[in-house]
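Structural overview for review
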Amino acid sequence: PSGPRPPGPSTCGGRGRAERSRAAALSLSSPAAGLAQPGGCPAPCECSEPAKTVKCVNRNLTAVPPDLPPYVRNLFITGNRLARLPAGAFPAQRLPDLSALNLSGNHLRAVEAGALAALPALRQLDLSGNPLVSLSPQAFGEGGSPLEELALRGALRDRGVLLSLGAMLQSGALRNLSRLELADNGLLLLPAGAFAALLALRQLDLGDSSLVGLRNASSQAPGQLQGLNLSDDSLGLLRNGTPAQLRGGPPALRRVGPGRNAWLCDCALEDLVAWLKEGDRAEGREALACAYPDKVLGKALLKINGSDLNCSVPVDLPSQLQTSYVFLGIVLALIGAIFLLVLYLNRKGIKKWMHNIRDACRDHMEGYHYRYEINADPRLTNLSSNSDV
């Protein structure tokens, strides 16, 4: 009969093998298979080649994916459980264009030497929200890094990490850094000279900390510093002399944000009030108000005068205590010298007095010894009794 002939066995077998080969190829290139072709996308991540962006967010990753596409410029690895960032975490020469790296909220505790050394185009790095306990000063390698922006919000709770960061900044490894965010770290004081090598630094964020002084934040900051955020700190107890540090600080400094601090309006704040009135460096200075004492509660610092601050009464308690301790030490030393002088002048009388005491004690002890011998010998005891009769 006329009509199409059914395909032979050999034809069916060849077509089936070809379809199976194509299916296998598709399965290997699929993200669900857990592998990625060169230039592809790792399975746990979302990639956009037009936007040059890769996002690996909240995937419970324990290591940086090794097969990141080389086109990536913006990489987000956040909300995972990396724990540590070892040396070579980012393959050398595999990410030549990576410029923005976000590693926030990954439970990172250690960033080891060389962990970020193989990123020649890195400009922005965010390590915020990681409980770091170890930060190697050689994390960016020996030759330094082109990094321009570094965010460490809430990542420096450990004092050892803060000292390591200071060593890293002083080494010049981040000499191109223009913005540094150290907010929300509970900082009391800053390492001396920590910012001296950051010649390109423009913005420094120290907000939401516990800073009680600005010695290392202002006077040792580089000359190009333009913005200093001090909001939500513990600067309500700034002593006189701090505004002088700001005046003598970086000449380019144009914006200081001291907002949302509980200001104690006593005489120790006199210099700060004068500094606020004489210039416009303080951002939002009109909103700064007294929190203590009650008589000036809520009053704007720009409207405070000398009578409100009670500057006629000394309030510098540390200085008063220091003076009192010095005076007490002098008095005690004088009394000691007089006592020694009296002893020296009466040395002969004291020597005779000591001899008399020694003889009296010896006679007293001999009497005790004699009575002990009588009590120990029954014959002497009877003799003593008869003599008494």
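This report concerns the structure included in the present document. (Residues numbered from 1 in each chain as written. Predicted model: local features only at pLDDT ≥ 70, side-chain atom pairs only at ≥ 80, totals over all residues. Heavy atoms only, no water.)

To continue, consider empty space enclosed by the protein. With the rule as written, the count across this model stands at three cavities of 30 Å³ or more. Size it by volume and the second largest cavity reaches roughly 50 Å³. Lining the second largest cavity are Leu162, Leu165, Gly166, Leu169, Leu182, Leu190, Pro191, Ala194 and Phe195. (1 Å grid on protein atoms, 1.4 Å probe; cavity = no way out; pocket = protein on both sides within 12 Å on 5 of 7 lines; lining within 4 Å. Points joined across faces, edges and corners; volume = space filled by probe spheres on them.)

What follows covers helix 5 (residues 270-278). Residues separated by three or four positions in an α-helix point in the same direction, a consequence of the helix having 3.6 residues per turn. Residues Leu272, Val273, Trp275 and Leu276 constitute the buried set of helix 5. Buried residues of helix 5 fall within an arc of 160° about the axis and therefore sit on the same side. (Buried < 20%, exposed > 50% of the residue type's maximum accessible area, 1.4 Å probe, protein only. Helix = DSSP H or I, 4+ residues; strand = E, 2+ residues; numbered from the N terminus. Arc of directions from axis to C-beta.)

Taken as a whole, this structure holds zero aromatic pairs when the rule is applied. The ring of Phe76 carries the charged tip of Lys55 above its face, separated from the ring centre by 5.8 Å. The ring centre of Tyr344 lies 4.5 Å from the NZ or CZ of Arg347, which sits over that ring. (Phe/Tyr/Trp six-rings, centres within 6.5 Å; stacked < 30°, edge-to-face > 60°. Lys NZ or Arg CZ within 6 Å of the ring centre and 35° of its normal.)

Ordered by their spatial adjacency, three strands build an open sheet running 4-6-8, and the pairing between neighbours is parallel. Pairing within the sheet leaves two strands with one partner each, and these edge strands are strand 4 (84-85) and strand 8 (134-135). Here strand 4 pairs with strand 6 (residues 110-111) via two bridges, running parallel. Among the inter-strand pairings, Leu85 is bridged to a residue of strand 6, identified as Val111. (Pairing = 2+ DSSP bridges.)

The next point concerns the state of the cysteines. All told, the structure shown has three disulfides when counted by the stated rule. Note on cysteine connectivity: Cys45 is disulfide-linked to Cys56, with sulfurs 1.9 Å apart. The chirality of the disulfide connecting Cys45 with Cys56 is right-handed, given an S-S dihedral of about 100°. Residue Cys45 is located in the loop between helix 1 (9-29) and strand 1 (46-48), and its partner Cys56 is located in strand 2 (residues 53-57); the two are separated by 11 residues in the primary sequence. For the pair Cys45 and Cys56, one class covers both residues: buried. (Disulfide = S-S within 2.5 Å.)

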